[in-house]
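# Summary of structural features
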Amino acid sequence: MIDFKNATFIKSTPNISEAPKEGYPEVLIVGKSNVGKSTLINSLCTKKRLAFTSSKPGHTKLLNYYLIDNKFYLVDAPGYGYATGGVDLDALFGEMMENYFSNAKHLKLVLILLDSRRKLGVNDLEIIDYVKANNIPYYLIVTKTDKVNQKEKSQLLKHLKEENIDANNVYYSSSLQLRSLEAIKRAIEKAL
Ligand SMILES: Nc1nc2c(ncn2[C@@H]2O[C@H](COP(=O)(O)OP(=O)(O)OP(=O)(O)O)[C@@H](O)[C@H]2O)c(=O)[nH]1
Ligand SMILES: [Mg+2]
C-alpha cells in the first residue's frame, strides 16, 4: 500500500536533464491550464498546499517533482492552451514535454486531466495519440465533477466514447469529494 500522505516536494526544473537522479518511477500529470492538476496532487496527498494552485490559468510553469512514500514521483507539468503577453506558452510547453517524453526513462503512467465541463481539445488529443502510439499507460481523469450534473456527465461520457477513449481508462475526481480519489489511488498503485 502506498501512503499518499507521505509526500514531499523535491524540486522544480525547466528541463528533464535536471530531474532528480534517484530514478524512482514517475507518474506525469498533464492537461489544459486550470484543469486542476496541482489541486489533484494536493487532494491525493490530502495536503492543502503541497502543490501551488491558482484560479488564474498558467500558474505552474516548470516540471515539479513530488516524492510519494519514497516509492514514486508525481510530476506536475505546466498547463497548455493558455497564452499571456504575446508569449506562446504552448510552444514552450511543447518543447518541454517533447524533451520530457524522449528522456523520461522512468515514466510509468500519464494522467491526462479533462475538466468535466469541457471537451477534449487538440492538445489533449495529441498527447493521447502520443501515449497510445508509444505504449505508455495512461488514465483520463475527469476533474471538477462537483461542477456538473448527471446529464452533463453522461454527455461527456458519450463524447469520450466518440473519441475512442476506453472507459476502463477513465476516472473522476473532485477536490470537494476526496472519496472520489480512492479509485485513482488504487489505479496508480496498479500501474506502478
Ligand atoms: N470546484 C472545484 N474546483 C477545483 C477542482 N480542482 C481544481 N479546482 C480549482 O480550479 C482552479 C485551478 O486549479 P489548479 O490545480 O491550480 O489547476 P492547474 O491545472 O494546476 O493549472 P495550471 O498550473 O495553471 O496549469 C483552482 O481555483 C482550483 O481551486 C475541483 O475538483 N472542484
Ligand atoms: Mg498547476
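Rules behind the numbers
- Residues numbered from 1 in each chain as written.
- Chains lettered and ligands numbered in written order.
- Predicted model: local features only at pLDDT ≥ 70, side-chain atom pairs only at ≥ 80, totals over all residues.
- Heavy atoms only, no water.
- Helix = DSSP H or I, 4+ residues; strand = E, 2+ residues; numbered from the N terminus.
- Contact = heavy atoms within 4.5 Å.
- Core = buried A, V, L, I, M, F, W, Y, C linked by side-chain atoms within 4.5 Å.
- Buried < 20%, exposed > 50% of the residue type's maximum accessible area, 1.4 Å probe, protein only.
- Pairing = 2+ DSSP bridges.
- Axes fitted to C-alpha atoms, helices over the stretch in contact; angles between N-to-C directions.
- Salt bridge = Lys/Arg side-chain N within 4 Å of Asp/Glu carboxyl O.

Further remarks concern the environment of S180. Within the secondary structure layout, S180 lies in the loop between strand 7 (170–172) and helix 5 (182–191). Between the C-alpha atoms of S180 and N34, which are 146 residues apart in sequence, the distance is 19 Å. Excluding its chain neighbours within four sequence positions, the residues that come into contact with S180 are Y172, S173 and S174.

Let us look at the nonpolar core. The nonpolar side chains of a soluble globular protein tend to be buried, and buried together. L28, Y100, V110, I112 and L140 are the most contacted members of the largest nonpolar core, which totals 33 residues. Within the residue set of this core, elements represented by two or more residues are strand 2 (26–31), strand 3 (63–68), strand 4 (72–76), helix 2 (89–103), strand 5 (107–115), helix 3 (122–133), strand 6 (138–143) and helix 4 (150–162). It is helix 2 that contributes the most residues to this core, 5 residues altogether. For I112, the residues in contact, after removing those within four places along its chain, are V30, Y80, I127, I128, V131, Y138, Y139, L140 and I141. Listed in part, the 26 residues of the second largest apolar core include A7, I41, L109 and L181.

Turning our eyes to something else, we now look at the pairing of strand 5. Taken across its 9 residues, strand 5 has 8 buried, putting it largely inside the fold. In this structure, strand 2 lies alongside strand 5, joined through 6 bridges in parallel fashion. In the sheet register, L28 faces strand 5, and the bridge partner there is V110. Bridge analysis of strand 5 against strand 6 gives 6 bridges, and the strand direction is parallel.

Reading across the sheet, the 7 strands line up as 1-3-4-2-5-6-7 and stay open at both edges, with mixed pairing between neighbours. Each end of this open sheet is capped by a strand with a single partner; those strands are strand 1 (7–13) and strand 7. Recorded for the sheet is a direction-independent mean angle of 25° between the axes of neighbouring strands.

Turning our eyes to something else, we now look at the pattern of salt bridges. For the structure shown, the criterion picks out 4 salt bridges. K71 is paired through a salt bridge with D69; the nearest N and O atoms lie 2.9 Å apart. Using a relative accessible area of 13% as the deciding quantity, one classes D69 as buried. Its salt-bridge partner being R117, residue D115 comes within 2.9 Å of it at the nearest N-O pair. Under the relative-accessibility criterion, R117 is labelled partly exposed at 43%. Through salt bridges that share partners, D115, R117 and K144 make up one connected network.

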